[in-house]
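Examining the three-dimensional arrangement
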Amino acid sequence: QVQLVESGGGLVQAGGSLRLSCAASGRTFGVYAMAWFRQAPGKEREIEARISESGGRTNLTDSVKGRFTISRDNRKNSVYLQMNSLKPEDTATYYCAASRQFWGNYDYWGQGTQVTVSS
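The structure reproduced in this document is the subject of the present report. Since the model is a prediction, treat every value here as computed from it, not as a measurement.

Definitions and limits used
Residues numbered from 1 in each chain as written. Predicted model: local features only at pLDDT ≥ 70, side-chain atom pairs only at ≥ 80, totals over all residues. Heavy atoms only, no water. Disulfide = S-S within 2.5 Å. Helix = DSSP H or I, 4+ residues; strand = E, 2+ residues; numbered from the N terminus. Buried < 20%, exposed > 50% of the residue type's maximum accessible area, 1.4 Å probe, protein only. Polar contact = N/O pair within 3.5 Å; in protein donor to acceptor, adjacent residues only side chain to side chain. Contact = heavy atoms within 4.5 Å. Pairing = 2+ DSSP bridges. Salt bridge = Lys/Arg side-chain N within 4 Å of Asp/Glu carboxyl O. Core = buried A, V, L, I, M, F, W, Y, C linked by side-chain atoms within 4.5 Å. Phe/Tyr/Trp six-rings, centres within 6.5 Å; stacked < 30°, edge-to-face > 60°. Lys NZ or Arg CZ within 6 Å of the ring centre and 35° of its normal.

1. So, the state of the cysteines
Scanning the entire structure with this criterion turns up 1 disulfide. The disulfide partner of C22 is C96, and the S-S distance across this bridge is 2.1 Å. Measuring handedness by torsion sign, the sulfur bridge of C22 and C96 sits at about -80 degrees and is left-handed. In this pair, C22 is assigned in strand β3 (residues 18–24) and C96 in strand β9 (residues 92–99), connecting sequence segments 74 residues apart. Using a relative accessible area of 1% as the deciding quantity, one classes C22 as buried.

2. As for the side chain of T113
Along the chain, T113 turns up in strand β11 (residues 113–118). A distance of 3.1 Å separates a polar atom in the side chain of T113 from the backbone nitrogen of G9. With residues up to four places along the chain from it excluded, the contact list for T113 reads E6, S7, G8, G9, L20, A92, T93 and Y94.

3. Here's the deal with the pairing of strand β5 (residues 46–51)
Note: strand β4 (residues 33–39) against β5, 5 bridges, orientation antiparallel. Among the inter-strand pairings, F37 is bridged to a residue of β5, identified as I47. Hairpin connection of β4 to β5: 6 residues between the antiparallel strands, including G42 at a positive phi of 75 degrees. Pairing of β5 with strand β6 (residues 58–60), which is carried by 3 bridges, proceeds in the antiparallel orientation. Following the sheet pairing, A49 is matched in β6 by L60. Where β5 folds back onto β6 in an antiparallel hairpin, the turn is made up of 6 residues, including G55, whose phi is positive at roughly 85 degrees.

4. Considering the pattern of salt bridges
For side chains bearing opposite charge, pairing can occur when the charged atoms are close. Inspection of the entire model under this criterion finds 5 salt bridges. Here E46 and R38 are joined by a salt bridge, their closest N and O atoms 3.9 Å apart. We classify E46 as partly exposed; its relative accessible area is 38%. For R38, a relative accessible area of 8% translates into the label buried. Among the salt bridges present, the one from R38 reaches E48, with a minimum N-O distance of 3.2 Å. Taken together, the residues span a long stretch of sequence, with R38 in strand β4 and E48 in strand β5 at a distance of 10 residues. Both residues of the pair, R38 and E48, count as buried.

5. With respect to the nonpolar core
Grouped together as the largest cluster of nonpolar side chains are 27 residues, with contacts concentrated most on M34, W36, V79, L81, M83 and Y94. Every element with two or more residues in this core is listed here: β3, β4, β5, β7 (68–73), β8 (78–83), β9 and β11. Aside from chain neighbours lying at most four places away, what touches V79 is L20, S21, C22, F29, M34, W36, I51, I70, S71, R72 and C96.

6. Some words on the packing of aromatic side chains
A full pass over the atoms with the stated rule returns 5 aromatic pairs. Residues Y32 and Y108 carry aromatic rings whose centres are separated by 5.8 Å and whose planes lie at 75 degrees to one another, so their mutual orientation is edge-to-face. Linking Y32 in the loop between β3 and β4 with Y108 in strand β10 (residues 108–109), this pair joins segments that are 76 residues apart in sequence. When its relative accessible area of 26% is taken as the criterion, Y108 is described as partly exposed. Seen in terms of ring centroids, F102 and W103 are 4.9 Å apart; in terms of plane orientation they differ by 85 degrees. Their pairing is edge-to-face. When its relative accessible area of 55% is taken as the criterion, W103 is described as exposed. Every member of this aromatic cluster is reached through a ring pair, and the members are F37, Y95, Y106 and W109. Just above the ring of Y80 sits the side chain of R19; from NZ or CZ to the centre is 4.4 Å. In this structure, R50 is placed above the aromatic ring of F102, and the distance from its NZ or CZ to the ring centre is 5.9 Å.

Take a look at the structure:
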């Protein structure tokens, strides 16, 4: 099991940047693939970025590719989402999630952090 806590959300203007952080508990953080999901108002939660256990590979959706970067520091039990060139459509609650497999189900979740991008 792993416990996750997101932070770093806020209100920014379009074109701005934010860096989200996710702090994980336990000594087994390095065995989990990690991901960032987001849920916009009135929409379903969707995965936007994932990163392998070692950080050696990542996968991002087309909507954020080129603007967002996912990274992790296993020594700090943390995963990050650097968000640049933010758009109003990026407005959502962002969730950190963990899986034992890169392409598997992400079964462990944080509480979410709100990102709001104004026009």
